[in-house]
Amino acid sequence: MAEDLDELLDEVESKFCTPDLLRRGMVEQPKGCGGGTHSSDRNQAKAKETLRSTETFKKEDDLDSLINEIFEEPNLDKKPSKLKSKSSGNTSVRASIEGLGKSCSPVYLGGSSIPCGIGTNISWRACDHLRCIACDFLVVSYDDYMWDKSCDYLFFRNNMPEFHKLKAKLIKKKGTRAYACQCSWRTIEEVTDLQTDHQLRWVCGKH
């Protein structure tokens, strides 16, 4: 590294300094005979000397600038700007996510007098987010209706989930709730734990 720097300085000196030093050592011969000089010759020599001095200072400044550029180190102390904290935004998003995905435990069915919602051991609410894992259909429910006894598998297979088709087998009855998917159907009047009906493949689809 030191040898490369010396070579670079020698090259710079040979390009910028040597001509000036040579010019400084040169002695101009005065014009005229017998060593006499005129005032105009003296003024011209003085002007040339001033010009040489100006050029020398300029080149020395250029040399100093070049040396400073060689030894100048990049600024590595700058630290990347910190990202703005988004804790408040993340908190609100996390809170909204935590409010989703709750399941009934246990899962209840109920008549029209039973409120719908998330069922628990101390809150008997009929689940209104049921899904059948056998036919992969959402379970529909109709308050104050019951299914006609003539309903069969093909009826629900062909008509689910269109209410205007299903109502052909729905009978008005106060206090009951008619449930159905594409493969099963029930008429419920009282609070019923879904686990007690082993034929149904219904589960809570989360609220």
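The name given to the protein chain in an unreviewed UniProt entry is Cilia- and flagella-associated protein 418, with Pan troglodytes as the source organism. Of the protein chain, the UniProt comment under Function (unreviewed entry) reads exactly: "May be involved in photoreceptor outer segment disk morphogenesis."

Caption draft 1: Highlighting the nonpolar core. Membership of the largest hydrophobic core comes to 17 residues, with the highest contact counts inside it found for V107, L109, L130, Y179, L194 and W202. Counting residues per element, the ones that place at least two in this core are β2 (130–132) and β7 (202–204). If we skip the residues at most four places from it in the chain, V107 touches C127, L130, T192, D193, L194 and C204. Among the nonpolar cores identified, the runner-up in size contains twelve residues, and W147, F156, L170 and A180 belong to it.

Caption draft 2: Summary view of the confidence of the model for the protein chain. Averaged over every residue, the pLDDT of the protein chain is 75; residues scoring 70 or more account for 53%. Predicted confidence for residues 18–39 stays below pLDDT 50, and this span has 19 contacts to residues more than four positions away or in other chains. Here residues 76–88 is a poorly scored stretch, pLDDT under 50, and it has zero contacts once near neighbours within four places are set aside; other chains count.

Caption draft 3: Summary view of the pairing of strand β5 (residues 185–188). Of the strand pairs in this sheet, strand β4 (residues 170–180) and β5 are connected by four bridges, and their pairing is antiparallel. The residue of β5 that forms the bridge with Y179 is R186.

Caption draft 4: Geometry of the pattern of salt bridges. Enumeration according to the criterion identifies three salt bridges in this entry. A salt bridge links D143 to R177; the shortest N-O distance between them is 2.6 Å. A residue pair is termed long-range when its members are at least 10 positions apart, and D143 in strand β3 (residues 140–147) and R177 in strand β4 qualify at 34 residues. You can call D143 partly exposed: its relative accessible area is 39%. Assessed through its relative accessible area of 2%, R177 is described here as buried. A salt bridge links D197 to R186, with the nearest nitrogen and oxygen atoms 2.8 Å apart. With D197 in the loop between β6 (192–193) and β7 and R186 in strand β5, the pair connects residues that are eleven residues apart, well separated along the chain. Residue classification places D197 among the partly exposed positions, given a relative accessible area of 22%.

Caption draft 5: Fine view of the side chain of N159. Its location among the elements puts N159 in helix α5 (residues 153–159). Residue class for N159 comes out buried when judged on its relative accessible area of 14%. Reaching out from N159, the side chain makes a polar contact with the backbone oxygen of F155 at a distance of 2.8 Å. With near-sequence residues (within four places) excluded, N159 lies in contact with K165 and L166.

Caption draft 6: Structural context of the side chain of Q182. The residue Q182 is located in the loop between β4 and β5 in this model. Among the polar contacts made by the side chain of Q182, one reaches the main-chain carbonyl oxygen of R157 at a distance of 3.3 Å. Setting aside chain neighbours within four positions, we find Q182 in contact with C135, F137, Y153, F156, R157 and M160.

Definitions and cut-offs
Residues numbered from 1 in each chain as written. Predicted model: local features only at pLDDT ≥ 70, side-chain atom pairs only at ≥ 80, totals over all residues. Heavy atoms only, no water. UniProt positions renumbered as here; feature names shortened; annotations may be inferred. Core = buried A, V, L, I, M, F, W, Y, C linked by side-chain atoms within 4.5 Å. Buried < 20%, exposed > 50% of the residue type's maximum accessible area, 1.4 Å probe, protein only. Helix = DSSP H or I, 4+ residues; strand = E, 2+ residues; numbered from the N terminus. Contact = heavy atoms within 4.5 Å. pLDDT = per-residue confidence, 0-100. Pairing = 2+ DSSP bridges. Salt bridge = Lys/Arg side-chain N within 4 Å of Asp/Glu carboxyl O. Polar contact = N/O pair within 3.5 Å; in protein donor to acceptor, adjacent residues only side chain to side chain.

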